[in-house]
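So you can see what is in the structure, the chains are spelled out below.
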Amino acid sequence: MTWAGPTLPHLLRPGLRVVFIGYNPAIYSAEAGHYYARPGNRFWPQLSESGLAGRDVRPEDDALLPAEAGIGFTDLCCRPTVRAEHLTPAEIADGAVRLHAELLEHQPTIACFSGRGIYQLFGRHALGLRAKDLVRREYGAQPERIGKTVSWVIPSSSGLASKWHRERLEWLHRLSAALSGATAPPATPPRGAPRQATRQAP
């Protein structure tokens, strides 16, 4: 299926506390006109539970959150597809460079990448990092800075990543604590997964 309609708007402005960064819009979300709109995606229920937004939220609230809660949204690539692998290498490289420019312009406190794979592509194409230096990165704060913006990585909210959803919620609580200056307990890996140390920003 090829989507001929518009992509999602980049919900960015100066002074944001956090910007959530996905791979690219799903066609379902592009048709709905809202980020993470598919019912099986855990983004909105977990954002509500984390307390980051200050209230229960749903896809229709995405355009309200930059002004209301300092939460913005954008993607690595703009073109909606059924699956992320339908994007071309050129689109990914161009998207990383565009995203880097957006983050430098708006300087959110934290840029939160929804999945290790997204940050690996961004790091290679926008930050000039080597793939072998990114492949073993842990979740949480990353050592790289985009101007003054701190990069974070958390598990994906996609329904296809359901085994990571419990850990993802714990990382959202840690993200909320980092933004408020509080201390959160370490995240607990899913059963059977290796325990990871937490890398905090200096």
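Residues numbered from 1 in each chain as written. Predicted model: local features only at pLDDT ≥ 70, side-chain atom pairs only at ≥ 80, totals over all residues. Heavy atoms only, no water.

A.B. asks: Explanation requested: helix α4 (residues 89–106) in the structure shown.
C.D. replies: Side chains three or four residues apart in an α-helix point the same way, a direct result of the helix having 3.6 residues per turn. Under the 1.5 Å per step criterion, the end-to-end length of α4 is 26 Å for 18 residues, consistent within 8% with the ideal 26 Å. Among all positions in α4, only Ile92, Gly95, Ala96, Leu99, Glu102, Leu103 and His106 are buried. For α4, the angular spread of the buried residues around the axis is 130°, confining them to a single face. Exposed residues pointing more than 90 degrees away from the buried face of α4 are listed as Asp94 and Glu105. Buried residues along α4 sit in contact with β1 (18–22), β2 (71–75), β3 (110–114), α5 (116–126), β4 (140–146) and β5 (149–154). (Helix = DSSP H or I, 4+ residues; strand = E, 2+ residues; numbered from the N terminus. Expected span 1.5 Å × (residues − 1). Buried < 20%, exposed > 50% of the residue type's maximum accessible area, 1.4 Å probe, protein only. Arc of directions from axis to C-beta. Contact = heavy atoms within 4.5 Å.)

A.B. asks: Explain the packing of aromatic side chains here, please?
C.D. replies: Applying the stated rule across the entire model yields twelve aromatic pairs. Between Tyr36 and Phe43, the aromatic rings sit 4.2 Å apart at their centres with planes inclined by 15°, giving stacked as the arrangement. By relative accessible area, Phe43 is classed as buried at 1%. One aromatic cluster is present, formed by Phe20, Tyr35, Tyr36, Phe43, Trp44 and Phe73 through successive ring pairs. Geometry around Tyr139 places Arg116 over its ring, the cationic atom sitting 3.8 Å from the centre. (Phe/Tyr/Trp six-rings, centres within 6.5 Å; stacked < 30°, edge-to-face > 60°. Lys NZ or Arg CZ within 6 Å of the ring centre and 35° of its normal.)

A.B. asks: Honestly, the packing of helix α2 (residues 43–50) against helix α7 (residues 165–180) in this entry has me stumped. Any pointers?
C.D. replies: Helices that pack against each other are described as a pair by the angle of their axes relative to one another and the distance between those axes. Taken N-terminus to C-terminus, the directions of α2 and α7 make an angle of 40°; their axes are 9 Å apart at the nearest point. Taken together, the axis directions place α2 and α7 in an arrangement best described as oblique. Of the two possible hands of crossing, α2 and α7 adopt the one that is right-handed. From α2, Phe43, Gln46, Leu47, Glu49 and Ser50 reach across to α7, where they touch His165, Arg168, Leu169, Leu172, His173 and Ser176. Residue composition of the contact of α2 with α7, grouped by class: four nonpolar, five polar and two charged. (Axes fitted to C-alpha atoms, helices over the stretch in contact; angles between N-to-C directions. Parallel < 35°, antiparallel > 145°, perpendicular 65-115°, else oblique. Left-handed = near helix turned anticlockwise from the far one by under 90°. Nonpolar A, V, L, I, M, F, W, Y, C, P; charged D, E, K, R; others polar.)

A.B. asks: Got a minute to help me understand unusual backbone geometry in this structure?
C.D. replies: Apart from glycine, the bulk of residues carry a negative phi angle, and the bulk of peptide bonds sit in the trans form. In this structure, Tyr36 is a non-glycine residue whose phi angle is positive, near 50°. Residue placement: Tyr36 occurs in the loop between α1 (27–32) and α2. What makes Tyr36 buried here is its relative accessible area of 13%. With a phi close to 50°, Gln107 is a non-glycine residue in the positive phi region.

A.B. asks: Quick question: what am I supposed to make of the pairing of β1 here?
C.D. replies: The two faces of a sheet get side chains in turn, since along a regular strand they alternate between them. Extensive coverage of β1 is indicated by the burial of five of its five residues. Of the two faces of β1, the one carrying Val18, Phe20 and Gly22 and the one carrying Val19 and Ile21 are both buried. As defined by bridge partners, β1 adjoins β2 across five bridges and the pair is classed as parallel. Bridging across to β2, Phe20 finds its partner in Phe73. Alignment of β1 against β3, held across four bridges, turns out to be parallel. By the bridge assignment, Val19 is partnered in β3 with Ala111. (Pairing = 2+ DSSP bridges.)

A.B. asks: Mind showing me how you'd approach the pattern of salt bridges here?
C.D. replies: Pairing of side chains with opposite charge becomes possible as their charged atoms draw close. All told, the structure shown has eight salt bridges when counted by the stated rule. As a salt-bridge pair, Glu144 and Arg137 come within 2.7 Å of each other at their nearest N and O atoms. Salt bridges here are not isolated pairs; linked through shared partners, they connect Arg55, Asp61 and Glu68. (Salt bridge = Lys/Arg side-chain N within 4 Å of Asp/Glu carboxyl O.)

A.B. asks: What should I look at first to understand the pairing of β3 in this one?
C.D. replies: Where burial is concerned, most of β3 is hidden: five out of the five residues are buried. Side chains of β3 alternate between two faces, with Ile110, Cys112 and Ser114 and Ala111 and Phe113 buried alike. Alignment of β3 against β5, held across five bridges, turns out to be parallel. From the neighbouring strand, Phe113 faces β5, where its bridge partner is Val153.

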